[in-house]
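# Architecture and fold: a report
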Amino acid sequence: MAPRRDPLLLLAGAILCAIAVAGAASSLGWVGRPFPGFLLLANRVVASAGLAHWPAVRGGAIYQHQVVAADGRPLADAAALARQVAERRAGTPIRYRLAGHGRDEERTIETRLFGWRDYLPLFGSYLVCGIGLATVAFAIRFLGRRDAPAHGASLTLGIVSIWALTALDLYGPYRFFRIHVLAECLLFAGALHFALVFPFPRAAALRHRWLPWAPYALGGALAAVAEVGLYDPAIYTATHRLAIASFGIGLVLLLALQLDCWFRPPSFEARQRVKVLAIGIGLAVAPQVLLSLGSAATGGRASENAMGWSGVFFPLAIGYAVLRQDLLEVDAFLRRSLNYALLSGFVALGYGGTVVSFESWLRDAGPLVRFAPAFVVAGLSAVVLLPLRDRLQALVDRTFFRSAYDFRRLVETTAARLAAATALEPIVAEVRGTVSEALRPESVELLVRRLDETEVDPDDASRIAPEARDAVARARRIGRPQDLAGHGLAVPFLVEGRLVAVLRLGRRLSGRFYGGDDRALLQTLANQGAVALENALAWEELRALNRDLEQKVDERTAALRAAMS
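Residues numbered from 1 in each chain as written. Predicted model: local features only at pLDDT ≥ 70, side-chain atom pairs only at ≥ 80, totals over all residues. Heavy atoms only, no water.

When pLDDT is averaged along the chain, the result is 80; 79% of the residues meet or exceed 70. Taken as a whole, residues 298-304 scores under 50 in pLDDT and shows 12 contacts with residues more than four places along the chain or in a different chain. (pLDDT = per-residue confidence, 0-100. Contact = heavy atoms within 4.5 Å.)

The four strands lie next to each other as β3-β2-β4-β5, forming an open sheet whose pairing is antiparallel. Strands at the two margins of the open sheet, each flanked by one partner only, are β3 (73-74) and β5 (103-110). Bridge count for strand β2 (residues 66-70) against strand β4 (residues 93-100) is four bridges, and the pairing is antiparallel. Of the residues in β4, the one forming a bridge with Ala70 is Tyr96. Where helix α3 (residues 78-86) meets the sheet, its contacts fall on β2, β3 and β4, and the angle it forms with β4 comes to roughly 165°. (Pairing = 2+ DSSP bridges. Helix = DSSP H or I, 4+ residues; strand = E, 2+ residues; numbered from the N terminus. Axes fitted to C-alpha atoms, helices over the stretch in contact; angles between N-to-C directions.)

Neighbouring strands of a sheet are bound in pairs by backbone hydrogen bonds; such pairs are parallel or else antiparallel. As summarised here, the arrangement of the four strands in space is β7-β10-β9-β8, forming an open sheet in which the pairing is antiparallel. With partners counted over all chains shown, the strands left at the sheet margins are β7 (444-448) and β8 (482-484), one partner each. Across the sheet, the axes of successive neighbouring strands diverge by a mean angle of 25°, strand direction being ignored. Pairing between β7 and strand β10 (residues 498-505): five bridges, direction antiparallel. Across the sheet, the residue bridging to Val448 is Ala501, located in β10. Strand contacts of helix α17 (residues 424-439): β7, β9 (488-495) and β10, with the helix running at about 150° to β7, the strand carrying the most contacts. Contacting β8, β9 and β10, helix α18 (residues 466-478) runs over the sheet at an angle of about 175° to β8.

As a further point, take the side chain of Glu184. Relative to the elements of secondary structure, Glu184 occurs in helix α6 (residues 177-185). Of the side chains bearing the opposite charge, Arg241 lies closest to the buried Glu184, which forms no salt bridge; the N-O distance is 10 Å. (Buried < 20%, exposed > 50% of the residue type's maximum accessible area, 1.4 Å probe, protein only. Lys, Arg positive; Asp, Glu negative; His and termini not counted. Salt bridge = Lys/Arg side-chain N within 4 Å of Asp/Glu carboxyl O.)

Another aspect to go through is the environment of Thr111. Looking at the element boundaries, Thr111 is found in the loop between β5 and β6 (112-113). In this structure the C-alpha to C-alpha distance between Thr111 and Ala56, which are 55 residues apart in sequence, comes to 9.4 Å. Once residues lying within four places of it in the same chain are set aside, the contact partners of Thr111 are Phe35, Pro36, Val85, Arg89, Ala90, Gly91, Thr92 and Ile94.

Core analysis: the biggest nonpolar cluster contains 35 residues, and Leu39, Leu41, Phe123, Tyr171 and Phe177 have the highest contact counts within it. With five residues, the single largest contributor to this core is helix α4 (residues 116-142). Apart from the residues within four sequence positions on either side, Tyr171 is in contact with Trp30, Leu39, Leu40, Leu41, Ala47, Ala49, Phe123 and Tyr126. Membership of the second largest hydrophobic core comes to 32 residues, among which are Leu410, Val444, Ala526 and Leu533. (Core = buried A, V, L, I, M, F, W, Y, C linked by side-chain atoms within 4.5 Å.)

This model, assessed by the stated rule, comprises 20 salt bridges. Arg476 serves as the salt-bridge partner of Glu455, at 2.6 Å between the closest nitrogen and oxygen. Placement of the pair is Glu455 in the loop between β7 and α18 and Arg476 in helix α18, with a sequence separation of 21 residues. Between Arg498 and Glu534 there is a salt bridge whose closest N-O contact spans 2.9 Å. Highlighted residues: Arg498 in strand β10 and Glu534 in helix α19 (residues 516-564), separated in sequence by 36 residues. Arg498 gets classed as partly exposed once you look at its relative accessible area, which sits at 24%. Glu534 gets classed as buried once you look at its relative accessible area, which sits at 15%. In the salt-bridge network here, residues are joined through shared partners; they are Arg449, Arg498, Glu534 and Glu541.

Before going further, it helps to examine the packing of aromatic side chains. What the rule picks out here adds up to 16 aromatic pairs. Relative to Phe123, the ring of Phe114 lies with its centre 5.8 Å away and its plane at 55°, an arrangement referred to as tilted. Both residues of the pair, Phe114 and Phe123, count as buried. Taken together, the aromatic side chains of Trp30, Phe35, Trp54, Phe114, Trp116, Tyr119, Phe123 and Tyr171 make up a single cluster linked through ring pairs. Across from the ring centre of Trp262, 4.8 Å away, lies the NZ or CZ of Arg271, which sits over that ring. Sitting over the face of the ring of Phe268, Arg519 holds its NZ or CZ atom 3.8 Å from the ring centroid. (Phe/Tyr/Trp six-rings, centres within 6.5 Å; stacked < 30°, edge-to-face > 60°. Lys NZ or Arg CZ within 6 Å of the ring centre and 35° of its normal.)

Below, the structure is given as structure tokens:
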């Protein structure tokens, strides 16, 4: 992929960098100064963001309420409250009059000193996620990907990055408030766009090219209403809630379409992209689940806002899925992760069961109690893990990767047989037999270079069908299996860059496409088989030379005898 020298792209990058720097400077100015104990928008509406240890949050929900007065003094704008709080020491109670949900109420909230404990889980997560989103969005555009998933991913991540970076300035000095509201109204449009084109363009998006762009018109209309009524609390609250709810619906639709692609993938590449996205979602959500459980277990003392830090894994996964062309290693990563998770679950269940069963014995064991967990874990490792490890791996392969064969043993057995063979026919028979038994294709064809050729010619019309020539040429150039029409596969056998053979497979009898494990198996067989075939061809050429030499010697001898007689 060649980088794109687009002046507009560079200008947009410079603008986003400026917003990030200005937002970071504004947010860092909060550290070490008093604040009301809640976050206030420019229109005096309490923002829906806070930390569990803030008194305003503990005292009841005041989000989306407008602050009308403080200590009996009406507020003209949010800056007036900031000045009033700055004149007092942290911990000073202030009586607020709040308007929201059709009624007024009064609340007394103590001011607080904003510290790093407040900054890192709140502004820090915005900053890290915003920079990560913007970096991936520009990487996709800069590296020149022009397909529909790349366009959808870069635009969606760009919108979310603007929303996150402008949030750094959202609570003062309010320079990017309108930009933030605009990005917020376009969030659901970006989510729908991405859902329609990732990991591949949906049929409806292919039939109607305008469909992925239609939600932006709705988002623009919502943004127009929000911008006009920005300082009207009722209008702002309504548009804000509608934008966030629409974004949630877009995310649900995105998730539903990805699950549909997982269970009914149209191609190998689409399935692999969904797997990468699943890894990103897992890495982003797992810390959030743990933090939520920790917050529940500690009565709300654990900061749930820190979960925003892990959100950066999601755009990184999208960027990897879009930019990376070879995604075979994803299956190996998922296999190890799932196997480790299952083994960890068995260890936890076994450990808990053992401790409960021998609780009375552990209480009476005296000094041995401190060594009891080590004995339990060692016993579980010997009794549970070793016998079940291979079985769990087989279960993971069959359930998640649709593999009905033992990859490692099959490769070891085939490699030994190929290494022992020196003739061409047994090697061809071994490769075809292994592939047929493991993958069950409709057809298997192995084209080997002729003795008078240095390699197989991808344009040889007498040996390669016209519809397969492009795939064979691409397989030779890239060095990996390539898809054929009708869910077939072309596997290159390369030795020092020379195409010594081509393995052509028809569609699988099961109807499934060739997955990551299948392609890894074929690639391994191709690497081993190419060397074995080249050695066998070298022996064939040597035997042919010997035959030619013997024939020439016989002819020369006969000629000498004739001359002498």
